[in-house]
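Next come the chains, spelled out residue by residue.
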Amino acid sequence: MTASRNPTLGIWLMVTAVAAFAAQDGFSKHLAAAYSTQMIIMIRYWVFAGFVILLALRRPEGPRAAIRSSRLPAHLVRSVLLVAEICLIVWGYTQIGLINSLAVFSVCPLLVVALSGPVLGEAISWQRWAAVGAGLVGVLVILRPGMGVFSWPALLPLASAFLFALYSVLTRLTTRDEPTFPAFFWPGVIGAVLMTGLGLPHLTAMLPADIGYLVCYCALSILSHWLVLKSYEQIEAVRVQPFSYLQLVFTSIVGILVYGEVLELPVAIGSLIVVAAGLYSLSLERKPA
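Just so you know, the residues in each chain are numbered from 1, in the order the chain's sequence is written. Two thresholds apply to this predicted model, a pLDDT of at least 70 for residue-level local features and 80 or more for giving and counting side-chain atom pairs, whereas whole-chain, interface and lining totals are computed over all residues. Calculation of side-chain values draws on the structure's entire complement of heavy atoms; hydrogens and water are dropped beforehand.

Engineer: Go over helix H8 (residues 181-199) with me, naming the residues and quoting the values.
Structural biologist: Given 3.6 residues per turn, any residue in an α-helix points the same way as the ones three and four places further on. Secondary structure elements are defined from DSSP: runs of H or I of at least 4 residues count as helices, runs of E of at least 2 residues count as strands, and each element is numbered from the N terminus. To estimate the expected span of a helix, count its residues, drop one, and scale the result by 1.5 Å. Between its first and last C-alpha atoms H8 spans 26 Å; for 19 residues at 1.5 Å apiece the expected length is 27 Å, and the two agree. Here the term buried applies to any residue with accessible area under 20% of the maximum for its type, exposed to any over 50%, and partly exposed to those in between, with areas from a 1.4 Å probe on protein chains only. Extensive coverage of H8 is indicated by the burial of 14 of its 19 residues.

Engineer: Outline a nonpolar patch on the surface, supporting the account with residue identities and numerical values.
Structural biologist: Residues Val249, Ile253, Ile256, Leu257, Val258 and Leu263 make up a contiguous nonpolar surface patch of roughly 550 Å² in combined accessible area. Here Val258 lies in helix H11 (residues 246-259). Patch definition: residues above 30% relative accessible area lacking any salt bridge, with like charges linked at up to 9 Å and the nonpolar side chains Val, Leu, Ile, Met, Phe, Trp and Tyr linked at up to 5 Å. To be clear on the numbers: accessible area is Shrake-Rupley with a 1.4 Å probe, and residue cover counts the displayed protein chains and nothing else. Between Lys or Arg on one side and Asp or Glu on the other, a salt bridge is scored when a side-chain nitrogen of the former is within 4 Å of a carboxyl oxygen of the latter.

Engineer: Requested: an account of the side chain of Ser271, with residues and values cited.
Structural biologist: Note on placement: Ser271 falls in helix H12 (residues 265-283). For Ser271, a relative accessible area of 9% translates into the label buried. Whether two residues are in contact is decided by their heavy atoms, any of which lying within 4.5 Å being enough. What Ser271 contacts, discounting residues up to four positions off in sequence, is Ala103, Ile142 and Leu248.

Engineer: Break down the environment of Phe162 for me, citing the residues and quoting the values.
Structural biologist: In this structure, Phe162 sits in helix H7 (residues 155-174). The class of Phe162 is partly exposed, set by a relative accessible area of 39%. Residues Phe162 and Ile211, spaced 49 residues apart in sequence, show a C-alpha to C-alpha distance of 32 Å. Those residues in contact with Phe162, other than ones at most four positions away along the chain, are Leu111 and Leu115.

Engineer: Can you explain the side chain of Lys29? Please cite residues and give values.
Structural biologist: Turning to its location among the elements, Lys29 is positioned in helix H1 (residues 7-34). Overall, the relative accessible area of 13% leaves Lys29 in the buried class. In protein, a polar contact requires one atom able to donate a hydrogen and another able to accept it; more generally it is a pair of N or O atoms within 3.5 Å, and residues adjacent in sequence count only if both atoms are side-chain atoms. A polar contact of 3.0 Å, which involves the side chain of Lys29, links it to the backbone oxygen of Tyr93. Not counting chain neighbours up to four residues away, the residues in contact with Lys29 comprise Tyr93, Thr94, Gly97, Leu98, Tyr259 and Glu261.

Engineer: Help me get a handle on the environment of Gly135, residues and values and all.
Structural biologist: Here Gly135 shows up in helix H6 (residues 126-143). Along the primary structure Gly135 and Arg5 are separated by 130 residues, whereas in three dimensions their C-alpha atoms are 33 Å apart. Beyond its immediate chain neighbours, meaning those up to four positions away, Gly135 contacts Val107, Leu110, Val274 and Ala277.

Engineer: Could you give an account of the packing of aromatic side chains, naming the residues involved and the relevant values?
Structural biologist: A pair of aromatic rings is counted whenever rings of Phe, Tyr or Trp (Trp by its six-membered ring) have centres within 6.5 Å, and the orientation is called stacked for planes under 30 degrees apart, edge-to-face for over 60 and tilted otherwise. According to the stated counting rule, one finds nine aromatic pairs in the structure shown. Plain terms: the ring middles of Phe105 and Phe164 are 6.1 Å apart, the flat faces sit at 45° to each other, and that makes the pair tilted. Within this pair, whereas Phe105 is found in helix H4 (residues 72-105), its partner Phe164 is found in helix H7, the two being separated by 59 residues in sequence. The exposure class assigned to Phe164 is partly exposed, which follows from its relative accessible area of 26%.

Engineer: Please give an account of the nonpolar core that cites residues and values.
Structural biologist: Counting residues in each nonpolar core, the largest one holds 63 residues, and the members touching the most others are Ile40, Tyr45 and Leu214. Discounting residues that sit within four places of it in the chain, Leu214 has contacts with Leu31, Ile40, Ile43 and Met206. In this description, a nonpolar core means a group of buried Ala, Val, Leu, Ile, Met, Phe, Trp, Tyr and Cys residues linked to one another through side-chain atoms lying within 4.5 Å. Counting residues in hydrophobic clusters, the runner-up holds twelve residues, among them Val52, Phe184, Val189 and Ile190.

Engineer: Lay out the pattern of salt bridges with the relevant residues and their values.
Structural biologist: Tallying each qualifying case throughout the model produces three salt bridges. Residue Glu261 pairs with Lys29 through a salt bridge whose shortest N-O separation is 3.9 Å. Placement of Glu261 in the loop between H11 and H12 and of Lys29 in helix H1 is noted, with a sequence separation of 232 residues between them. With a relative accessible area of 16%, Glu261 lands in the buried category.

Engineer: Quick rundown of the packing of helix H5 (residues 108-120) against H6? Include the residues and the values.
Structural biologist: Helices that pack against each other are described as a pair by the angle of their axes relative to one another and the distance between those axes. Relative to each other, H5 and H6 sit at 140°, their axes nearing to 9 Å. Relative to H6, the element H5 lies oblique. Pair H5 / H6 crosses with left-handed handedness. Along its contact with H5, which presents Leu110, Leu111, Val113 and Ala114, the element H6 presents Arg128, Trp129, Ala131, Val132, Gly135 and Leu136. Here the nonpolar group is Ala, Val, Leu, Ile, Met, Phe, Trp, Tyr, Cys and Pro; Asp, Glu, Lys and Arg are the charged ones; every other residue, Gly included, is treated as polar. The class makeup of the residues in the contact of H5 with H6 is eight nonpolar, one polar and one charged. Throughout, an axis means a line fitted to C-alpha atoms (over the contacting stretch in the case of helices), and angles, computed between N-to-C directions, take values from 0 to 180 degrees. Working rule for angles: under 35 degrees goes down as roughly parallel, over 145 as roughly antiparallel, 65 to 115 as roughly perpendicular, anything else as oblique. We call a crossing left-handed when the near helix sits turned anticlockwise from the far one by less than a right angle, and right-handed when that turn is clockwise.

Laid out in structure tokens, this is it:
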């Protein structure tokens, strides 16, 4: 899409999607703390795979044409990256909490900038490199290595951010010369197959109340992705992307109100640095590199 149809609607759809992602994070933290992370994510992938298959069946060009791709090996790599990313970030929620995990993960858009050069061959200006450097400084403020508060679980969201950044860059690569729908469809289906192999050995019975939480978690997963798709139908991605940083705000609210987490001052300062660097980098998208 080259022009916005309804920018105001697109922005509100993205804000709602981000709120849904934050609520989804809250449910994932509870479920992964009580049950195997692999099992929870496996069930989420089953539901998501059903969702993308349903979308494929409803495509006007027909399902076969909709999912046809000449880059299946790349989609397989993307699927592995996405599975690993989701497992790591959910594991991080159970180890260091929602607020700290999302604060570190917010460096992801800047990692996308850094990887766009070597992977996509895009020219990166010194301003963008400066934004990446500032974002990494923000992450160091959050993690505080050498201050006696750093622990290995803090690396989980950082690794997750790197994997999702690589996934995003490969997505750009696969959509250069073919429609975007296969890039959306194949990670859902391939990921479901991969997670079934990883999750079935960990399948256990769930409490009735937790089954209800799982239903909400899966429903929010579908809703959030659907809202993002609808948002991009109304407004260009680069114009709405800054609003995705609201996930850090919404998730912090969930962490504080539901789980009693505390927003520490270094985390708040580091998060502001990372978000400011990310917003600056996004502002450069409309300027020549």
